[in-house]
Amino acid sequence: MFGPAMLGRLLRNLHMLRARDPVEEELRGWNWSRPPLRPRAYLGLGVSEVACQYCPTRRDVWLRRVQGVRGEVNGGMVRGKLVHMVFQDTARMASRLYAGGVEAADIAARLVGEASKRVKHILEDMGVSNVDGLYELGVKLYKRFALYWASWIEETRQPPWYVEYTVDGWLLGLSRRLRVDALAPGLVVEVKYGSWREDHGVALAGYALALEASHEYPVDYGVVIIVENGGGEIRFEPVYIGNSLRTEFIQRRDEIIDMLLSSADPGKPSRCPDTCPYKKYCL
Ligand code: SF4
């Protein structure tokens, strides 16, 4: 279900992609001191700030960083946060039980039994009440992730993945405290609510570059775990972090740095997404 065999199946195609188009040395994060990786300025950018292009002109970044505007939190953002917190909490709880010598089947039973209580705590920590079925979504996901981790432990006899891994991205002009959703053996993992977008792959490239710059080991593969259809489905999207995604991330980073250094308003696109948190300020 969620172990080395499944990961192996996901990654098999990526081996072929890598063999056909291996990563250029100049696009390895440890070459941060030379073009094209060397940043024009060190502004401490976030990976999602660079990668996420829901605003085509990037006015969202300009509003936040130049004008000091804070966007409004919308329902999608709250659900995304809940998904992240459930993912982390189940991994940490399963790790704790594993370290205490509890068997995989009992870990699953314990976590499934505590799902309701844990999700109530999570919603309290988030400072939100159970609007629009948040609690039901959280409990459903809590049980799914609990079973995934138990399956991983049973198959590997290893603890769950390292979640919320902090990496220093400063050498690439990024934040000193980037948070990677998870590190699994040989790959970097992002967790998303909604549906697959190209931006997700670009974000994985940002984390891979930062890990390579900071730790000096290659990171070629990633997986995006996507919670779809209101929590009804969990999909695993494997990503080869090759030259095109790395180049795209660096280009987006450079465009944002140029925009912020000039301070000029980048203007508005012809159409804005309905869910943009900055609609109140722009429209
Ligand atoms: S409202 Fe439009 S212009 Fe403003 S940040 Fe959002 S997408 Fe960009």
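Keep in mind it's a predicted model, so treat the numbers as computed, not measured. (Residues numbered from 1 in each chain as written. Predicted model: local features only at pLDDT ≥ 70, side-chain atom pairs only at ≥ 80, totals over all residues. Heavy atoms only, no water.)

Could you clarify how one ought to interpret the layout of surface pockets in this entry?
Which parts of space are left empty comes out when a probe the size of a water molecule is rolled across the atoms. Taken as a whole, the largest pocket spans an internal volume of roughly 1800 Å³. For the lining of the largest pocket, the secondary-structure elements that each account for two or more residues are helix H2 (47-51), helix H3 (59-65), helix H4 (75-99), strand S2 (178-184), strand S3 (187-193) and helix H7 (198-215). In terms of residue count, H4 provides more of the lining of the largest pocket than any other element does, eight residues in total. When residues of the lining of the largest pocket are assigned to domains, at least three map to each of domain 1 (9-40 + 163-249) and domain 2 (75-160). (1 Å grid on protein atoms, 1.4 Å probe; cavity = no way out; pocket = protein on both sides within 12 Å on 5 of 7 lines; lining within 4 Å. Points joined across faces, edges and corners; volume = space filled by probe spheres on them. Helix = DSSP H or I, 4+ residues; strand = E, 2+ residues; numbered from the N terminus. Domains from an automatic or database assignment.)

Explain the site of the ligand here, please?
Neighbouring the ligand are Cys55, Arg59, Asp60, Lys268, Pro269, Cys272, Pro273, Cys276, Tyr278, Lys279 and Cys282. When each cavity is represented as a set of grid points, the ligand is found to reside in the largest cavity. Here the residues of the shell around the ligand sort into seven nonpolar, no polar and four charged. (Near = heavy atom within 4 Å. Sits in = over half its atoms within 2 Å of the grid points. Nonpolar A, V, L, I, M, F, W, Y, C, P; charged D, E, K, R; others polar.)

Help me out: how do you make sense of the packing of aromatic side chains in this one?
Two descriptors summarise a pair of aromatic rings, namely the distance from one centre to the other and the angle between the planes of the rings. The final tally for this structure, using the stated rule, is nine aromatic pairs. Residues tyrosine 221 and tyrosine 240 carry aromatic rings whose centres are separated by 6.4 Å and whose planes lie at 65° to one another, so their mutual orientation is edge-to-face. On the criterion of sequence distance, the pair formed by tyrosine 221 in strand S4 (residues 221-228) and tyrosine 240 in strand S5 (residues 233-240) is long-range, its members being 19 residues apart. In this structure tyrosine 221 comes out as buried when scored by relative accessible area, which is 6%. Each member of the aromatic cluster is reached from another via a ring pair, and the members are Phe87, Phe145, Tyr148, Trp149, Trp152, Trp161 and Phe236. (Phe/Tyr/Trp six-rings, centres within 6.5 Å; stacked < 30°, edge-to-face > 60°. Buried < 20%, exposed > 50% of the residue type's maximum accessible area, 1.4 Å probe, protein only.)

Help me out: how do you make sense of the packing of H4 against helix H6 (residues 134-156) in this one?
A packed helix pair is summarised by two numbers, namely the angle formed by the two axes and the spacing between the axes. H6 packs onto H4 with a crossing angle of 35° between their chain directions and a minimal axis gap of 9 Å. The crossing of H4 and H6 is right-handed. In contact with Val78, Arg79, Leu82, Val83, Val86, Phe87, Asp89, Thr90, Ala91, Met93, Ala94 and Tyr98 of H4, H6 contributes Leu134, Leu137, Gly138, Leu141, Tyr142, Phe145, Ala146, Trp149 and Ile153. Taken together, the residues of the contact of H4 with H6 break down into 17 nonpolar, two polar and two charged. (Axes fitted to C-alpha atoms, helices over the stretch in contact; angles between N-to-C directions. Left-handed = near helix turned anticlockwise from the far one by under 90°. Contact = heavy atoms within 4.5 Å.)

Keep in mind that these numbers describe shape and distance, not what the molecule does.
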